[in-house]
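Here's the letter readout for the chains.
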Amino acid sequence: MPPFPPGFIPPEAVSIVQSFFITIAVIALGIPIIRALTRRFVDRPPVAPSISGDVQDRLERIEQAVDTIAIEVERISESQRYLTKLMAEPRALPGASEATRNKDSVR
């Protein structure tokens, strides 16, 4: 005798088949929906934060002040290089050559 009468489908097999088809439907519909949502959020161009006019004015003043300070520092460094160059080169004073000759001849 067969364990089940002819034409009888066990309820466990029915639930397995239903689960299989539901899983296939969720995958078939879910993947495009998830792709659309991720494209919407990931591919969105970044929004630049807006800066108020007061902050923009302050930033411009700070930029101008930094530029002015940079110019002054460059002037100071040029002056320092020039003075260092002057101090490093031997100076020939107008009367120095005669004085050194006289000292050499006295000895």
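See above for the structure.
What counts and what doesn't
Residues numbered from 1 in each chain as written. Predicted model: local features only at pLDDT ≥ 70, side-chain atom pairs only at ≥ 80, totals over all residues. Heavy atoms only, no water. Helix = DSSP H or I, 4+ residues; strand = E, 2+ residues; numbered from the N terminus. Buried < 20%, exposed > 50% of the residue type's maximum accessible area, 1.4 Å probe, protein only. Areas by Shrake-Rupley, 256 points an atom, 1.4 Å probe, with all protein chains shown as cover. Salt bridge = Lys/Arg side-chain N within 4 Å of Asp/Glu carboxyl O. Patch = residues over 30% accessible without salt bridge, like charges linked within 9 Å, V, L, I, M, F, W, Y side chains within 5 Å. Lys, Arg positive; Asp, Glu negative; His and termini not counted. Charge placed at Lys NZ, Arg CZ, Asp CG, Glu CD. Phe/Tyr/Trp six-rings, centres within 6.5 Å; stacked < 30°, edge-to-face > 60°. Expected span 1.5 Å × (residues − 1). Bend = angle between axes of the 7 residues up to and from the residue.

Structural notes on the overall build of the protein
Counting its secondary structure elements, the protein contains three helices and zero strands. Within the span of the protein, comprising 107 residues, buried residues form 0% of the whole. In the structure as shown, the protein presents an accessible area of about 10,400 Å², 66% of it carried by carbon and sulfur atoms.

Remarks on the pattern of salt bridges
Taken as a whole and assessed by the stated rule, the structure comprises two salt bridges. The residue Glu72 makes a salt bridge to Arg75 at a minimum N-O spacing of 3.1 Å. Linking Glu72 with Arg75, this pair stays in helix H2 (residues 53–88), spanning three residues, or about one helical turn. With a relative accessible area of 37%, Glu72 lands in the partly exposed category. Take Arg75: its relative accessible area is 52%, and that puts it in the exposed class. One salt bridge in this structure joins Glu74 and Arg81, with 3.6 Å as the shortest N-O distance. Overall, Glu74 belongs to the partly exposed group, its relative accessible area being 41%.

As for a negative patch on the surface
A cluster of acidic residues, Asp54, Asp57, Glu60, Glu63 and Asp67, forms a negative patch at the surface. Relative to the helices and strands, Glu60 resides in helix H2.

Re the packing of aromatic side chains
Scanning all chains against the criterion turns up one aromatic pair. Here the aromatic rings of Phe20 and Phe21 are separated by 5.4 Å at their centres, their planes lie at 70°, and the arrangement is edge-to-face.

Let's talk about a nonpolar patch on the surface
A surface patch of nonpolar side chains, amounting to about 550 Å² of accessible area, comprises Leu29, Ile33, Leu37, Phe41 and Val42. Structurally, Phe41 can be placed in helix H1 (residues 11–42).

Observations regarding H1
An α-helical turn contains 3.6 residues, so any two residues separated by three or four positions project in the same direction. Relative to the 46 Å expected for 32 residues at 1.5 Å per residue, H1 spans 45 Å between its end C-alpha atoms, a close match to the ideal helical length. Helix geometry: H1 is bent most strongly at Gly30, by close to 30°, with proline Pro32 lying one to four residues after it.

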